[in-house]
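# Summary of structural features
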Amino acid sequence: MDIVLFAFPGNEDLTAKIAARHKAVVGQATFRHFPDGETYTRIDSDVKHKHVVVVCTMHQPDNKFLLLHFFSKIAREQGCKKITLIAPYLSYMRQDKIFRPGEGLTSSYFAQLISNCVDELITVDPHLHRITSLNMIYSIPCQAKQASDHLAAWISKNIVKPLVIGPDSESEQWVTDVALKAKAHYTVLQKIRTGDKEVEISIPQVERYKNHTPVLVDDIISTGKTMQETIKHLKNAGMPQPICIGIHAVFAPGAYEDLLAAGASRVVTCNTIPHQSNQIDISDLFKIG
Ligand code: R5P
């Protein structure tokens, strides 16, 4: 089946890289808003009998979902055979529990919406914590690719004597894997989150690593508070300025600048969400078949 990729707005670079690897065509589509803010979508390329691959990272997902829904409906009406969504960052995965009465399991609601829209999902390091597999909430085939090889390769190439630090138990899965592959020492801290921007991190025991470069590794940097709190402790412990590595550059407004101001010597992310900190290319993770 012929493959045709479509780059949703902002995903053009990654789409071009994936298309080049597959020697596949990038299709043309028109996305814009009417003057009243409503969404206009048009597929300009032929998709009949084709495998349509939509590349759309799901950072700030609410508006993107409607676009994806319209696009998928149009593609199916035009006779496409299959729709794969490449969403390098998959949102809503942290809403994996009802924390307070009256809330909903929005990770699951979002998964149902996506499952009704496309036939297959490929993503990178989704936040699998209390939900341990995408198939627990998605009803379509899902592939969760891992960026740990890429992170480890970047660390090995760029950092002398790294000490990999995970800020919370949820990060342990990435940190242990990355540290092992980068042949680095590691430690995992404990975190208590009391609000969107309020976190407490346990004091790192780093006395014997004073001549190492701390490398904070987490899947998501959002408000950056998790990393900022960890940096504070490292400063108090007399450690060198840390490098902060996040897989997904979610970054709430001002978070990137605040992290640098807090003392990160560098902030490095993968290109799962376009951002000035992207230095690790993960485009080779996506294999379309
Ligand atoms: C949650 O547990 C994630 O793994 C990250 O630690 C978290 O999303 C980071 O959030 P923030 O940057 O807002 O502290």
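What this report covers is the structure whose coordinates are included nearby. (Residues numbered from 1 in each chain as written. Predicted model: local features only at pLDDT ≥ 70, side-chain atom pairs only at ≥ 80, totals over all residues. Heavy atoms only, no water.)

## Here we look at the sheet that holds strand β14 (residues 243–248)
Note the threshold: Pairing between two strands is assigned when DSSP locates at least 2 bridges connecting them. Counting from the N terminus, the helices are the DSSP runs of H or I reaching at least four residues and the strands are the DSSP runs of E reaching at least two. Lines fitted to C-alpha atoms define the axes, with helix axes restricted to the stretch in contact, and inter-axis angles between N-to-C directions lie between 0 and 180 degrees.
Reading across the sheet, the six strands line up as β10-β9-β13-β14-β15-β16 and stay open at both edges, with parallel pairing between neighbours. Each of the sheet's edge strands pairs with one partner strand only, and the pair in question is β10 (185–188) and β16 (278–280). Direction aside, neighbouring strands of the sheet carry axes that sit 30° apart on average. Sheet topology note: the strand β15 (residues 266–270)/β16 ladder contains two bridges and is parallel.

## Quick look at the site of the ligand
The condition is simple: By convention in this text, a residue qualifies as near a molecule or strand provided that one of its non-hydrogen atoms is within 4 Å of it. Residues adjacent in sequence count toward polar contacts only when both atoms are side-chain atoms; beyond that, a polar contact is any pair of N or O atoms within 3.5 Å, and within protein one must be able to donate a hydrogen and the other to accept it. Under the convention used here, a 1.4 Å probe and the Shrake-Rupley method define accessible areas, while residue burial counts only the protein chains that appear.
If you check the shell around the ligand, you find 15 residues, and the closest are E170, D218, D219, T223 and T226. Between the ligand and the protein, one listed contact pairs an oxygen atom with a side-chain N or O atom of D168 at 3.4 Å. Interatomic distance of 2.7 Å between a side-chain N/O atom of E170 and an oxygen atom of the ligand. Protein chains shield 96% of the accessible area of the ligand, which is 380 Å² for the free molecule. For the shell around the ligand, the secondary structure elements donating two or more residues are β11 (191–195), β13 (213–220) and α6 (225–236). Among the elements that take part in the shell around the ligand, β13 stands out by supplying three residues, more than any other.

## Focus: the nonpolar core
Applicable threshold: In this text, buried Ala, Val, Leu, Ile, Met, Phe, Trp, Tyr and Cys residues form a nonpolar core when linked through side-chain atoms within 4.5 Å. Summary of the burial criterion: residues with accessible area below 20% of their type's maximum are buried, those above 50% are exposed, and those between are partly exposed, where the area comes from a 1.4 Å probe applied to protein chains only.
Ranked by internal contacts, the top residues of the largest apolar core, which has 35 residues, are L151, I155 and I245. Taken together, the elements giving at least two residues each to this core come down to α1 (12–22), β5 (51–55), β7 (120–124), α4 (148–158), α5 (172–181), β13, β14 and β15.

## Considering the pattern of salt bridges
Any two side chains of opposite charge can pair, given that their charged atoms come close. Rules: Salt bridges are counted wherever a side-chain nitrogen of Lys or Arg sits within 4 Å of a carboxyl oxygen of Asp or Glu.
Inspection of the entire model under this criterion finds nine salt bridges. Between E120 and K82 there is a salt bridge, with its nearest N and O atoms 3.5 Å apart. Taken as a pair, E120 in strand β7 and K82 in strand β6 (residues 82–87) lie far apart in primary sequence, 38 residues in all. Ionic pairing is found between D149 and K181, a salt bridge with its closest N-O pair at 3.0 Å.

## Details of the pairing of strand β1 (residues 3–7)
Applicable threshold: Consider the strands pointing away from the viewer: the crossover is right-handed when the path from the first strand over the helix to the second runs clockwise.
Counting buried positions along β1 yields four of five residues, so the element is predominantly enclosed. Pairing of β1 with β5 involves five bridges; the strand directions are parallel. The partner of I3 across the bridge, within β5, is H51. Here β1 pairs with strand β2 (residues 25–26) via two bridges, running parallel. Directly across from V4, in β2, lies its bridge partner V25. Assessed by its sense of winding, the connection that carries the chain from β1 through α1 to β2 is right-handed.

## Observations concerning the side chain of Q228
Here is the rule: Residue contacts are defined here by distance: any two heavy atoms, one from each residue, within 4.5 Å place the two residues in contact.
Structurally, the position occupied by Q228 is in helix α6. You can call Q228 buried: its relative accessible area is 15%. Not counting chain neighbours up to four residues away, the residues in contact with Q228 comprise T223, D258, L259 and A262.

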